[in-house]
Amino acid sequence: MKLLLVEDDPTLAEGIAEFLHGQGDEVTVESDGMRADRLLQENGFELVLLDLGLPGLGGYEVVRRIRKRGQRMPVILITARDALDDRIYGLDLGADDYLVKPFELAELSARMRAVLRRGGSVSEPALSFGPLVLDIDGRLAELDGEALALSGREWEVLEALVRADGRTVARERLQGEGSGNALEVYVSRLRPRLEAAGVLIRTVRGFGYRLERVKERGSGAD
């Protein structure tokens, strides 16, 4: 199984990773919440083990971003916080389980198997950016409540931009196997339809594109 372990205690992280490697799992270890969030956007992990007290970006916010992007992999929180309110808050954000430190590695393994049997989070696989909503399972797009017809490549470009949630996406990630000129065509087709609802595809020169909201509808982009 390919999983991400996010833990800023190097001794604990090393022990968990060694145990999981022994089970045959492929483990990526990260200690910073912001870097972990970027990894989650770029890699297809099957399960996330997530500490709460992280530098860069707290564990609760990492969970919130995972679910906002529509990612459905199971998330198990591993933390020293044992208050009932902490557990409830984490589960309400979209975590699938909560394991309080210190814990036995055998129990961690059992909880991993349990969440995988349940199929992970049951949260709705929808992404949104302002008035733009993408139904990932149905591969349907809506803008201001109206259906937005997209070609296959237009969908892929728009999904990547919405997942980035206002952050810049590199041209290389957006163009896939096509040429750079083809990407410009898809962007030029999407822009006028989105701008009518106040969503811009902004060019970041020399790098890529990002989505922006504007108060005045109909404004242009670079």
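Summary of the structure given here.

1. Let's talk about empty space enclosed by the protein
Next, step 1: Summed over all chains, the structure comprises one cavity of 30 Å³ or more.
Next, step 2: Forming the boundary of the largest cavity are Arg64, Arg65, Lys68, Arg69, Leu127, Ser128, Val162, Arg163, Asp165 and Arg167.
Next, step 3: Only α3 (59–68), β6 (126–129) and α6 (152–164) provide two or more residues apiece to the lining of the largest cavity.
Next, step 4: Among the elements that line the lining of the largest cavity, the one with the most residues is α3, at three residues.
Next, step 5: Its residues assigned to classes, the lining of the largest cavity comprises two nonpolar, one polar and seven charged.

2. Some points on the packing of helix α1 (residues 10–22) against helix α5 (residues 105–118)
Next, step 1: At a closest axis distance of 11 Å, the pairing of α1 and α5 adopts a crossing angle of 60 degrees. Classified by the interaxial angle, the pair formed by α1 and α5 is oblique. You can see that α1 and α5 cross each other, and the crossing is right-handed. Facing Gly15, Ile16, Phe19 and Leu20 of α1, the residues of α5 in contact are Leu105, Ala106, Leu108, Ser109 and Met112.
Next, step 2: Across the contact of α1 with α5, the residue classes tally to seven nonpolar, two polar and no charged.

Procedures and definitions
- Residues numbered from 1 in each chain as written.
- Predicted model: local features only at pLDDT ≥ 70, side-chain atom pairs only at ≥ 80, totals over all residues.
- Heavy atoms only, no water.
- 1 Å grid on protein atoms, 1.4 Å probe; cavity = no way out; pocket = protein on both sides within 12 Å on 5 of 7 lines; lining within 4 Å.
- Points joined across faces, edges and corners; volume = space filled by probe spheres on them.
- Helix = DSSP H or I, 4+ residues; strand = E, 2+ residues; numbered from the N terminus.
- Nonpolar A, V, L, I, M, F, W, Y, C, P; charged D, E, K, R; others polar.
- Axes fitted to C-alpha atoms, helices over the stretch in contact; angles between N-to-C directions.
- Parallel < 35°, antiparallel > 145°, perpendicular 65-115°, else oblique.
- Left-handed = near helix turned anticlockwise from the far one by under 90°.
- Contact = heavy atoms within 4.5 Å.

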